[in-house]
Amino acid sequence: MSEAGQLQDYSVDQAAGAIVLVLGAVASLLLVVWQSKCHCKVNLCYIFQCERRPPSEDEIKGLKDNAKDLKDKAKQKQQAQASRQNKKPTPTPTPTPSPRSPGGEPEPEPEPISSSWRTL
């Protein structure tokens, strides 16, 4: 039985997996805080300080207008592509030649290779 407070021997890939899980949890927590609509200040050990404020009413209106313009441009582009596709004639499929010989009979099966190479 191992003593209390002593870690077992772990492999490098297990340690790397644990580090990735912890970093992912911290990053997802920061993402939730950053995307929230509240005023927040982040201080990471006095090395990195960041402050986030929600956008003002004017900024929100400007963003909505930009989004509406982009949607209108995308719709116009789709309509232009659809009208171009409707104007192009559809090509008719060409018949593919059958693998049969001109007589209408299938080609004969190939003969098996002799086993003479084993005697060399």
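Above this text you will find the structure in question.
Just so you know, these numbers come straight off a predicted model, no measurement behind them. (Residues numbered from 1 in each chain as written. Predicted model: local features only at pLDDT ≥ 70, side-chain atom pairs only at ≥ 80, totals over all residues. Heavy atoms only, no water.)

## So, the overall build of the chain
- Counting its secondary structure elements, the chain contains 2 helices and 2 strands.
- In the chain, the order of α-helices and β-strands from amino to carboxyl end is α-β-β-α.
- Within the chain, buried positions represent 3% of all 120 residues.
- Here the chain displays about 12400 Å² of accessible surface, and carbon together with sulfur accounts for 59% of that area. (Helix = DSSP H or I, 4+ residues; strand = E, 2+ residues; numbered from the N terminus. Buried < 20%, exposed > 50% of the residue type's maximum accessible area, 1.4 Å probe, protein only. Areas by Shrake-Rupley, 256 points an atom, 1.4 Å probe, with all protein chains shown as cover.)

## As for the pairing of strand β2 (residues 48-52)
- One ladder, built from 5 bridges, connects strand β1 (residues 40-44) with β2; its direction is antiparallel. Its bridge partner being in β2, N43 is matched across the sheet by Q49.
- The antiparallel hairpin formed by β1 and β2 contains 3 residues in its connecting segment, where C45 sits at a positive phi of about 55°. (Pairing = 2+ DSSP bridges.)

## Structural notes on a nonpolar patch on the surface
- A contiguous nonpolar surface patch, about 260 Å² in accessible area, is contributed by V22, V26 and L30.
- With respect to the helices and strands, the residue L30 is situated in helix α1 (residues 12-35).
- With relative accessibility at 47%, the residue L30 sits in the partly exposed group. (Patch = residues over 30% accessible without salt bridge, like charges linked within 9 Å, V, L, I, M, F, W, Y side chains within 5 Å. Salt bridge = Lys/Arg side-chain N within 4 Å of Asp/Glu carboxyl O.)

## Some points on the environment of F48
- Structurally, the position occupied by F48 is in strand β2.
- In this view, F48 contacts V42 and N43; residues no more than four positions away in its chain are not counted. (Contact = heavy atoms within 4.5 Å.)

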